[in-house]
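What follows is the residue order along each chain.
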Amino acid sequence: MTARKHEVPDELLSSLLAGYKKPEDLIGENGLLKQLTKLLVEKALDAEMTEHLGHDRHEPVANPVGNTRNGRSRKTLKGEFGELPIEVPRDRHGTFEPQLVPKHQTRWNGFDERILSLYARGMTVREIQAHLQEMYGADVSPSLISSVTDAVVDEVKIWQARPLDAVYPIVYLDCIHVKVREGAVRVKAVYLAIGVTMNGDKEVLGLWLAQTEGAKFWLQVVTELKNRGVQDIFIACVDGLKGFPEAIEAVFPQTAVQLCVVHMVRHSLNYVTWKRRPEVAADLKRIYTAATVGEAEQRLGEFEAKWDAEYLPIGQSWRRNWERLTPFFDYPPEIRKVIYTTNAIESVNFSLRKLTKHRGAFPNDDALTKLLYLALRNISKKWTLPIRDWKAALNQFTIRFEGRLSQP
């Protein structure tokens, strides 16, 4: 029977494993796998040189310029196998460009991705260095790790400037607070925008570090979205106001601004003891799940009558923000649930907070941006399904915003 392509004969495997007694013999620092990798890499490089020159070692020169082999140079590759010293063939004219291990490359293909993966999990440069040493025996300098992660900065700029869709039915805006060391340690607000496309898919539109908050900052963000191709947003759901309604109305005057109900409930429960929270939360839910805005206001009155004596600021806060809390009542149940349950952005921010809370202060804005971008890239890879009940919501959007829909 003919052996399948790339299949290693059993006889050869048995011969290679003849001296195998313990795991270190196979996968240790000087184990068989590492030795085989070295031999195979060097054999492949020799084959590349033969292809480049047109003749094998000790054969007559076959190229018109008389180029020949000229010894070898040594280099050390870093990878998941630790450090692998190899010898690279040279040619007399210096025109040989290896494909398997390009000139100046000192890291095995995929090693940079391993560094970025560890960085995206929130590990510091020193922690990554220690991990690579412990797991693979690879002695990687902090400057090398920094250079690998610094290369992401240009990728972030391209991502942040990429064209966007013309219409997003819903855009969620939320923020996390992170410490950055700028001489003194400062707490910065990092705002994240997630859009829901016409297909119901989630898309991170961008992230912004707010140096100063307010209408001027939000105008910059909203104008950037428009410059990148966004022509219309039906509903913008935000965690707070702070100048956003004025900015959105200046750039997208038809957009409805909805204060996030989830955030409002969470803020309200901050006033409540742990023991009373389930009961208070249940009474608040009766407000935002009411059938009409009139019924919701009635439920709010009942809440105030029951709880004002103990938790007066809750009712006052809901009354103060009532106009921004109730726009979703203008929509049928299919759209309401999509608006006020901001799970799309809540789960993202939960993941980002887990990464940043143990990091102390970031050395600068770039270090923070790199981590958040890489983390968002990992998170968005898992978004393979449209948001729940999207088809029903889209049908309602199609009728309600007939003149504003951009048909594909």
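Residues numbered from 1 in each chain as written. Predicted model: local features only at pLDDT ≥ 70, side-chain atom pairs only at ≥ 80, totals over all residues. Heavy atoms only, no water.

*Asks:* Please clarify how the overall build of the protein chain should be interpreted in this entry.
*Replies:* Across its full length, the protein chain holds 17 helices and 7 strands. By residue count, 45% of the 408 residues in the protein chain fall in the buried class. For the protein chain, long-range pairs separated by at least 24 residues make up 62% of all intrachain contacts whose partners lie at least 6 apart in sequence. As presented, the protein chain carries roughly 22500 Å² of accessible surface, and 53% of it is formed by carbon and sulfur atoms. (Helix = DSSP H or I, 4+ residues; strand = E, 2+ residues; numbered from the N terminus. Buried < 20%, exposed > 50% of the residue type's maximum accessible area, 1.4 Å probe, protein only. Contact = heavy atoms within 4.5 Å. Areas by Shrake-Rupley, 256 points an atom, 1.4 Å probe, with all protein chains shown as cover.)

*Asks:* What am I meant to see in the pattern of salt bridges here?
*Replies:* Opposite charge on two side chains lets them pair, provided their charged atoms get close. Applying the stated criterion to the full structure yields 19 salt bridges. E295 serves as the salt-bridge partner of R299, at 3.4 Å between the closest nitrogen and oxygen. Linking R299 with E295, this pair stays in helix 12 (residues 293-320), spanning 4 residues, or about one helical turn. Taking the relative accessible area as the measure of exposure, R299 reaches 19% and is therefore buried. Exposure remark for E295: the relative accessible area of 25% places this residue in the partly exposed category. Taken together, the shared-partner salt bridges connect R276, E279, D283, K306 and E310 into one network. (Salt bridge = Lys/Arg side-chain N within 4 Å of Asp/Glu carboxyl O.)

*Asks:* Which parts of the structure should I look at to understand the packing of helix 6 (residues 142-150) against helix 7 (residues 152-160)?
*Replies:* To describe two helices that pack against each other, one gives the angle between their axes and the distance between the axes. Taken N-terminus to C-terminus, the directions of helix 6 and helix 7 make an angle of 15°; their axes are 5 Å apart at the nearest point. Comparing the axis directions of helix 6 and helix 7 gives the class roughly parallel. Within the contact between the two elements, helix 6 uses V148, T149 and D150 and helix 7 uses V152, V153 and D154. Class assignment of the residues belonging to the contact of helix 6 with helix 7 gives a composition of 3 nonpolar, 1 polar and 2 charged. (Axes fitted to C-alpha atoms, helices over the stretch in contact; angles between N-to-C directions. Parallel < 35°, antiparallel > 145°, perpendicular 65-115°, else oblique. Nonpolar A, V, L, I, M, F, W, Y, C, P; charged D, E, K, R; others polar.)

*Asks:* Whenever I open this one, the nonpolar core confuses me. Can you help?
*Replies:* The nonpolar side chains of a soluble globular protein tend to be buried, and buried together. By size, the foremost hydrophobic cluster in this structure holds 79 residues, and its most contacted members are L192, V280, L284, W318, L352 and F397. In terms of residue count, helix 16 (residues 365-380) provides more of this core than any other element does, 9 residues in total. Those residues in contact with V280 that lie beyond four places of it in its chain are L269, V272, F303, W307, Y311 and I314. (Core = buried A, V, L, I, M, F, W, Y, C linked by side-chain atoms within 4.5 Å.)

*Asks:* What is the right way to look at unusual backbone geometry in this model?
*Replies:* The phi torsion of most residues other than glycine is negative, and most of the peptide bonds are trans. Non-glycine residue H58 carries a positive phi angle of around 70°. One can find H58 in the loop between helix 3 (32-53) and strand 1 (69-79). You can call H58 exposed: its relative accessible area is 80%.

*Asks:* Help me understand helix 17 (residues 390-400) in this model?
*Replies:* Count 3.6 residues to each turn of an α-helix, and residues three or four apart come out pointing the same way. Three or more residues of helix 17 are buried, namely W390, A393 and F397. The buried residues of helix 17 occupy an angular sector of 65° when the element is viewed end-on, so they sit on one face. In helix 17, the exposed positions angled more than 90 degrees off the buried face are occupied by K391, N395 and I399. (Arc of directions from axis to C-beta.)

*Asks:* Quick question: what am I supposed to make of the sheet that holds strand 3 (residues 167-182) here?
*Replies:* Working definition: the strands of a sheet are paired by backbone hydrogen bonds and lie parallel or antiparallel to each other. Across the sheet, which stays open at both edges, the 5 strands sit in the order 5-4-3-6-7 with mixed pairing between neighbours. Single-partner strands in this sheet number two, and they are strand 5 (202-210) and strand 7 (256-259). Direction aside, the axes of adjacent strands within the sheet are offset by 25° on average. Where strand 4 (residues 184-196) meets strand 5, 8 bridges bridge the pair, whose relative direction is antiparallel. Counterpart to V190 in the pairing with strand 5 is L209. Running over the sheet, helix 16 touches strand 3, strand 4 and strand 5 and is turned about 170° from strand 5. (Pairing = 2+ DSSP bridges.)

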